[in-house]
Amino acid sequence: MVNHQSFQLSAEELPHQTQEYLETLFAVGNGQIGARAGHPLKVNQFYPGNPGVFVNGFFDSEPIQYGEWAYGYAKNHQTICKLPNLRGVVLRIGQEKSSDSEWQTKRTVMNIDLSTGVLTETYHITTPSNKQFDLHMSSFASMTRRELYACRYTIKNCDFPDAVELMHTLDQSFYTIKTDDPRVANKNHQLEKESISDYHIWTAPQSNKRIALRLDLKPHQLVEGASLEAIFQLALLDDNQTAPFQNQCVAYSLLLEEQRNSYRDFWEKSDILISGNEQLQKGIRFNLFHLNQGAGRDGKTNFAAKGLTGEGYEGHYFWDTEMYLLPFFVYTHPEVAKQLLTYRGSILPQAKARAQELGQSGALFAWRTIDGNETSAYYPAGTAQLHINADIVYGFQLYERVTGDQSLMEGIGKEVVFETAKFWLDYGTYAHKHGQDCFGIHGVTGPDEYSALVNNNFYTNKMVQNNLYYASELAERYGMYTEESSKWLAAADAMYFGFDEERKITQQDDCFLDQAVWPFEETPADNYPLLLHYHPMIIYKYQVCKQADTVLAEMLFTGDFSLEQLARDYDYYEKVTTHDSSLSRSIFSVMASRIGDTEKAYSYFMDTALMDLTDLQKNVVDGIHAANMGGSWLSLIYGFAGLYYDQGLRMTNHLPKEIEQLSFTLTYLGESVKVTLDKGNIACVLQTDSLLSVEEMDGGIRIRQK
Ligand code: BGC
């Protein structure tokens, strides 16, 4: 039974009540606009919080200042710009104005409806002269018209006869939190503002990126029970664009109806039902909801690590997209996945230029970026994560396999695969190891950022091998096979994978297992995450992982390993992993499922499903952890349901005892597949006249083309 309560999330059910934490969790977005749930009266320092609005792709830039420079270092920062608290208003009753002094406000309602994306709030307000009333607000970012953010303000329960004047002012402060955390931008870019006829333009002074905003700014007199609807139109302008808005604004009620339909469609294709645990049910819905809110869909923008909910990681796009977020979209909303990959295709020129700058052939994608140029100032945990190249290719491959849509591969997709393959062939090294000529990738950093600049990182080598095989396969498919393609194949065949024969453990890299194990027992709990308490040199010399690395490779290629090997590696690496990155636990959950440890799988899943609601990483104020949200989908679908691509979709039931039933929908080769797992049983319903078939195999099922 679906409990509709689990589509409602209220502030009062949450463990914390601080303004900044709630602003992040209750942010509304549509992939283009993201608005933190700022206090509606905050236009200056009088009210609490760190509100603001983000527009995907709108950033400012400035040269990175290095104390010591070296050739090829990233040149410029890119920082997503935070616009003022657009939802903030100034209220005036007679001579009293909410921007002149602090009015007492008490939030009595804060609720987001996950089935529509509408945030509702009520504030009980007392003015300095003791006039009392309620300000009620509903707001959402339109999923059907992505340049629109809609707010409706209503005045209720006034204990005085006068009207309340409500004014929007754009001359508001820009807010940022001062912090020492290197993961958060400490830059407060002052935007330049100009007003032209009925719209306003903000320009980021260094990047020259421009945003246009249209809103009717006239003051409005509201009497008891009356509402004001403010529809903000916001768009990123192309370089020479002058007339930003073709469309007239539409009424709130129409937008709301469209919004409901859009969300109905979203949930129809991607809802997951977990019976037996209401809290988890809500947790997973909350996560999927934010995935819907954060994904850029115009082929020019992507999914920032914090979505559009905060300034953490400066609004940058990482490998998080392909490895943690894309699977959800590929299997439930492939049209969104296609747009995310189209963005990668659009930055191929920057990736080629970067490879050239490094004196290498082909293309090297930026580790972190908005416009495609590398912005990572600390290269050992940035540029050195060359695996991003192979991760992006993995994303294209997954899209093609699961959707059957070859249009991307026929165009920019195969260019991406070929150019990255060229890069690997040039960058990689043939070396004589254990009596054989092996191909390996040296001097790189794998996903585990607590080991840097290593040789033969297992994850990287495995992903590069996949990249090279796929490139030679595509070359053959498109009649483009050349001598170069045969070299890709040879390098893939010769790829080196380190193995510790004594311990029978897969080696994370050439040195990892020789290092001393981090002194976990002597490390105070307060010293995690280690990156905020120890110099990188100290961290790098120990066996300690920030996040899943070898275990992640084994999740992606589970079929290449024996169950015993997977279990041994899991046990080994789990003991040395801190999960200091939010990208870790979900992968450990999936692999615990696959090796049969359902208890651990469930416990890691609890952490991932509820990570932001409980503020597990203690930095929700800086934005949601989007990759973990995608990871919680992985824990359920790749983990509990054991989904694994192997000439079709294989699934195995790994349901933990705490979950009675799990049902979800996947889209495979354009068809909808409904799956239900009960204790020991998987049932699968295909469309009528389906071109797919379901076969039973190895204690599970496989769905493939008839
Ligand atoms: C992780 C990276 C991740 C980045 C952005 C870091 O803490 O180690 O793997 O890409 O966060 O989410």
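Residues numbered from 1 in each chain as written. Predicted model: local features only at pLDDT ≥ 70, side-chain atom pairs only at ≥ 80, totals over all residues. Heavy atoms only, no water.

**Observations concerning the sheet that holds strand S19 (residues 272-275)**
1) Next: Spatial strand order, S19-S28-S29-S30: 4 strands in an open sheet with antiparallel pairing. Because the sheet does not close on itself, it has two edges, and the strands there are S19 and strand S30 (681-685). Neighbouring strand axes in the sheet, compared pairwise and without regard to direction, differ in orientation by 20 degrees on average. (Pairing = 2+ DSSP bridges. Helix = DSSP H or I, 4+ residues; strand = E, 2+ residues; numbered from the N terminus. Axes fitted to C-alpha atoms, helices over the stretch in contact; angles between N-to-C directions.)

**Description of the packing of aromatic side chains**
1) Next: Scanning the model with the defined rule gives 36 aromatic pairs in all.
2) Next: For the cation-ring pair, Lys462 lies above Phe497, with the distance from its terminal atom to the ring centre recorded as 5.2 Å. (Phe/Tyr/Trp six-rings, centres within 6.5 Å; stacked < 30°, edge-to-face > 60°. Lys NZ or Arg CZ within 6 Å of the ring centre and 35° of its normal.)

**Focus on helix H3 (residues 278-294)**
1) Next: Under the 1.5 Å per step criterion, the end-to-end length of H3 is 25 Å for 17 residues, consistent within 8% with the ideal 24 Å.
2) Next: Of all 17 residues in H3, 15 are buried, a share of seventy percent or more. (Expected span 1.5 Å × (residues − 1). Buried < 20%, exposed > 50% of the residue type's maximum accessible area, 1.4 Å probe, protein only.)

**Overview of the pattern of salt bridges**
1) Next: Inspection of every chain in the model, using the stated rule, returns 30 salt bridges.
2) Next: When the shortest N-O distance is used, the salt bridge between Arg344 and Glu322 registers 2.8 Å. Linking Arg344 in helix H5 (residues 334-346) with Glu322 in helix H4 (residues 320-332), this pair joins segments that are 22 residues apart in sequence.
3) Next: Taking relative accessible area as the criterion, Arg344 reaches 0% and is therefore assigned buried. (Salt bridge = Lys/Arg side-chain N within 4 Å of Asp/Glu carboxyl O.)

**Considering the environment of Ser407**
1) Next: Positionally, Ser407 belongs in helix H8 (residues 407-427).
2) Next: Overall, Ser407 belongs to the partly exposed group, its relative accessible area being 35%.
3) Next: Sequence separation of Ser407 and Asp571 is 164 residues, and the distance between their C-alpha atoms is 42 Å.

**So, the state of the cysteines**
1) Next: Counted according to the given criterion, the structure contains 0 disulfides.
2) Next: Looking at Cys438, it has no disulfide partner, and the nearest cysteine sulfur is the one in Cys511, 16 Å off. (Disulfide = S-S within 2.5 Å.)

**A look at the site of the ligand**
1) Next: Near the ligand you find Ala305, Tyr313, Phe318, Trp319, Asp320, Trp367, Glu449, Lys546, Gln547, Ser581 and Leu583, and these make up its full shell.
2) Next: Separating an oxygen atom of the ligand from a side-chain N or O atom of Glu449 is a distance of 3.3 Å.
3) Next: Here Lys546 contributes a side-chain N or O atom positioned 2.9 Å from an oxygen atom of the ligand.
4) Next: Here the ligand has 310 Å² of accessible area as a free molecule, and 95% of this is covered by the chains. (Near = heavy atom within 4 Å. Polar contact = N/O pair within 3.5 Å; in protein donor to acceptor, adjacent residues only side chain to side chain. Areas by Shrake-Rupley, 256 points an atom, 1.4 Å probe, with all protein chains shown as cover.)

**Considering the packing of helix H14 (residues 585-594) against helix H16 (residues 626-640)**
1) Next: The interhelical angle for the contact between H14 and H16, taken along N-to-C directions, is 10 degrees, at an axis separation of 8 Å. On the basis of the axis angle, H14 is roughly parallel to H16. Side by side, H14 and H16 meet where Ser586, Ile587, Ser589, Val590, Ser593 and Arg594 of the first sit next to Gly631, Ser632, Leu634, Ser635, Tyr638, Gly639 and Phe640 of the second.
2) Next: Split into classes, the residues belonging to the contact of H14 with H16 amount to 5 nonpolar, 7 polar and 1 charged. (Parallel < 35°, antiparallel > 145°, perpendicular 65-115°, else oblique. Contact = heavy atoms within 4.5 Å. Nonpolar A, V, L, I, M, F, W, Y, C, P; charged D, E, K, R; others polar.)

**A look at helix H6 (residues 348-357)**
1) Next: Those residues of H6 that sit buried are Leu348, Ala351, Arg354 and Ala355. Projected down its long axis, H6 shows its buried positions confined to an angular sector of 115 degrees, all on one face. Opposite the packed face of H6, turned more than 90 degrees from it, sit the exposed residues Pro349 and Gln356.
2) Next: In the core, the buried residues of H6 are packed alongside H5 and H8.
3) Next: Phi for Gly359, located one or two positions after H6, is positive at around 70 degrees. (Arc of directions from axis to C-beta.)

**Section: the side chain of Gln293**
1) Next: Structurally, the position occupied by Gln293 is in helix H3.
2) Next: Beyond its immediate stretch of four places on either side in the chain, Gln293 contacts Ala27, Val28, Gly29, Asn30, Gly31, Met143 and Tyr263.

**Topic: the nonpolar core**
1) Next: Core analysis: the biggest nonpolar cluster contains 190 residues, and Phe26, Ile272, Trp319, Leu468, Trp633 and Phe664 have the highest contact counts within it.
2) Next: Core analysis: the next-biggest nonpolar cluster, separate from the first, contains 9 residues, Leu148, Ala150, Val250 and Tyr252 among them. (Core = buried A, V, L, I, M, F, W, Y, C linked by side-chain atoms within 4.5 Å.)

**A word on the domain arrangement of the protein**
1) Next: Structurally, the protein comprises domain 1 (4-266) and domain 2 (285-312 + 584-706).
2) Next: For domain 1 and domain 2, the distance between their C-alpha centres works out to 32 Å.
3) Next: Of the residues lining the interface, 41 residues belong to domain 1; the matching set on domain 2 comes to 29 residues.
4) Next: Counting each side, the surface lost to burial between domain 1 and domain 2 is near 2,800 Å², with a carbon and sulfur contribution of 60%.
5) Next: Looking at the side of domain 1 facing domain 2, the largest losses of area belong to Thr24, Leu25 and Asn56, adding up to 18% of the total buried there.
6) Next: Linking domain 1 with domain 2 are 1 salt bridge, by the criterion used here.
7) Next: A salt bridge links Lys82 to Glu311, with the shortest nitrogen-to-oxygen separation between them at 3.4 Å.
8) Next: In this structure, the connection of domain 1 to domain 2 is made through 15 residue pairs in polar contact (both at pLDDT 80 or more).
9) Next: When residues of the side of domain 1 that touches domain 2 are traced back to their parent elements, those giving at least two are helix H1 (19-25), strand S2 (28-29), strand S3 (33-35), strand S4 (53-55), strand S9 (104-113) and helix H2 (252-270).
10) Next: A total of 4 residues in the side of domain 1 that touches domain 2 trace back to one element, the largest contributor, which is H1.
11) Next: Here the side of domain 1 that touches domain 2 is composed, by residue class, of 21 nonpolar, 13 polar and 7 charged. (Domains from an automatic or database assignment. Buried area = accessible area lost by both parts, 1.4 Å probe.)

**A closer look at the sheet that holds strand S26 (residues 644-645)**
1) Next: Pairing in this open sheet of 4 strands is antiparallel, and the strands run S26-S27-S32-S31 from one edge to the other. Two strands lie at the open edges of the sheet, namely S26 and strand S31 (692-697), each paired on one side alone.
2) Next: Here 6 bridges tie S31 to strand S32 (residues 700-705), and the two strands are oriented antiparallel to one another. Considered in S32, the bridge of Glu695 is made with Arg702.

**Considering the packing of H3 against helix H15 (residues 598-609)**
1) Next: Two elements in contact, H3 and H15, have axes whose closest approach is 9 Å; the angle formed by their N-to-C orientations is 55 degrees. With respect to H15, the element H3 is oriented oblique. Counted together, Gln279, Leu280, Gly283 and Asn287 of H3 and Tyr602, Phe605, Met606, Thr608 and Ala609 of H15 form the full contact between these two elements.
2) Next: By residue class, the composition of the contact of H3 with H15 is 5 nonpolar, 4 polar and no charged.

**Thoughts on unusual backbone geometry**
1) Next: Here the residue pair Tyr528 and Pro529 is connected by a cis peptide bond, since its omega of -5 degrees sits within 30 degrees of zero.
2) Next: Backbone geometry places Asn456, a non-glycine residue, at a positive phi of 55 degrees.
3) Next: Inspection of the secondary structure puts Asn456 in the loop between strand S21 (436-440) and helix H9 (458-477).
4) Next: Judged by its relative accessible area of 3%, Asn456 is buried.
5) Next: Its identity is not glycine, yet Asp689 carries a phi of approximately 60 degrees, on the positive side.
6) Next: Examined against the element boundaries, Asp689 turns out to sit in the loop between S30 and S31.

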